[in-house]
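Below, each chain spelled out in residue letters.
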Amino acid sequence: SAETTILAVDTFIGDCRVLWEQPPDVRRHHVRQDGTLTQFDRFKTFVRRSGVADAILPLQATSIVGLKLLRSLARQGLVPQPEVIYLDSAHEEGEVLLEMELAWDTVAPGGILFGDDWDIGDGAVKRDVLRFAAAHAGEMDDSLGRHIQSMGRAVGRVFHGVYLSYTTQQFFIRRLP
């Protein structure tokens, strides 16, 4: 809707797999001669060309800083608690779990936490999501899968309250109201 704002929190520097471990000819397109990176400029250009610049507010910060800021603003009543939080983490074991804990503490009751890269790399995302789920099973809505399936998405239940899209490798978790 016209009242929706998406807060896009990212450092816009990429992680090792996205940029720094790429061959020099690939990195050259992302790193200027002065050493600064082009990711943030590319993001802003994409948002502008997509016609959604009025709805997207970019915040150059780590996800941890962004989540703490959003939680603080919501607790002060300056912004509503988000109903949806999407995590595209750095895919490092432990960091994913920390981000999920902060997001869970921030998302509104009945809200959805989801993310991607379930099966990327060494499985760090998957392990941290399952650790999180085991610790918060009593707070998670295990009926979310039926709702997602009714929208025509192919999902499977991988743990109480955790659903995985077979096509996108995104995980979905809903907080109980």
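Please read all numbers here as calculations on a predicted model, not as lab measurements. Every chain is numbered on its own, with residues counted from 1 as its sequence reads. Local features in this predicted model are restricted to residues whose pLDDT is 70 or higher, and side-chain atom pairs enter the listing and the counts only when it is 80 or higher, whereas totals over whole chains, interfaces and linings include all residues. Excluded from the side-chain calculation are hydrogens and water; included are all heavy atoms of the structure.

Points about helix α6 (residues 124-136)
Let me state the cut-off plainly: Secondary structure elements are defined from DSSP: runs of H or I of at least 4 residues count as helices, runs of E of at least 2 residues count as strands, and each element is numbered from the N terminus. Multiplying one less than the number of residues by 1.5 Å gives the expected span of a helix. Using a 1.4 Å probe on the protein chains alone, a residue whose accessible area is under 20% of its type maximum counts as buried, one over 50% counts as exposed, and one in between counts as partly exposed. An arc is given here, and it is the one of the directions from the helix axis to the C-beta atoms. For this analysis, residues touch if any pair of their heavy atoms sits within 4.5 Å.
Spanning 13 residues, α6 covers 18 Å between terminal C-alpha atoms, matching the ideal 18 Å at 1.5 Å per step. For α6, the complete set of buried residues consists of Ala124, Val125, Asp128, Val129, Phe132, Ala133 and His136. Each buried residue of α6 lies within a common arc of 160° when the element is viewed along its axis, so the set occupies one face. Residues of α6 that are buried in the fold lie against α5 (95-106), β5 (155-159), β6 (162-165) and β7 (171-174).

Describing the packing of helix α4 (residues 63-75) against α5
Put simply, the rule is: Angles here are taken between N-to-C directions and fall from 0 to 180 degrees, while the axes themselves are lines fitted to C-alpha atoms, restricted in helices to the stretch in contact. Oblique is the label for every angle not falling under 35 degrees (roughly parallel), over 145 degrees (roughly antiparallel), or within 65 to 115 degrees (roughly perpendicular). With the far helix as reference, a near helix turned anticlockwise by less than a right angle produces a left-handed crossing, and one turned clockwise produces a right-handed crossing.
Contact geometry for α4 and α5: axes closest at 9 Å, N-to-C directions at 15°. The angle between α4 and α5 falls in the class roughly parallel. Of the two elements, α4 crosses α5, and the hand of that crossing is left-handed. Between α4 and α5, the contacting residues are Ser63, Ile64, Leu67, Lys68, Leu70, Arg71 and Arg75 on the first element and Leu98, Glu99, Leu102, Ala103, Asp105 and Thr106 on the second.

Looking at the environment of Ala55
Note that Ala55 resides in the loop between α3 (39-50) and β2 (56-60). Using a relative accessible area of 25% as the deciding quantity, one classes Ala55 as partly exposed. The sequence separation of Ala55 and Thr4 amounts to 51 residues, and the corresponding C-alpha distance is 6.3 Å. In this view, Ala55 contacts Thr4, Thr5 and Ile6; residues no more than four positions away in its chain are not counted.

Considering unusual backbone geometry
Phi is positive for Asp117, close to 65°, though the residue is something other than glycine. Topologically, Asp117 is positioned in the loop between β4 (112-115) and α6. Although it is not a glycine, Gln169 sits at a positive phi angle of roughly 60°. By secondary structure assignment, the location of Gln169 is in the loop between β6 and β7. Note on Gln169: relative accessible area 25%, which makes it partly exposed.

Thoughts on the pairing of β7
Side chains on a regular strand alternate between the two faces of the sheet. As a reminder of what qualifies: Paired strands are those between which DSSP finds at least two bridges.
Burial of β7 is two-sided: the residues Phe171 and Ile173 facing one way and the residues Phe172 and Arg174 facing the other way are all buried. When β4 meets β7, the two strands line up antiparallel, connected through four bridges. In the sheet register, Ile112 faces β7, and the bridge partner there is Arg174.

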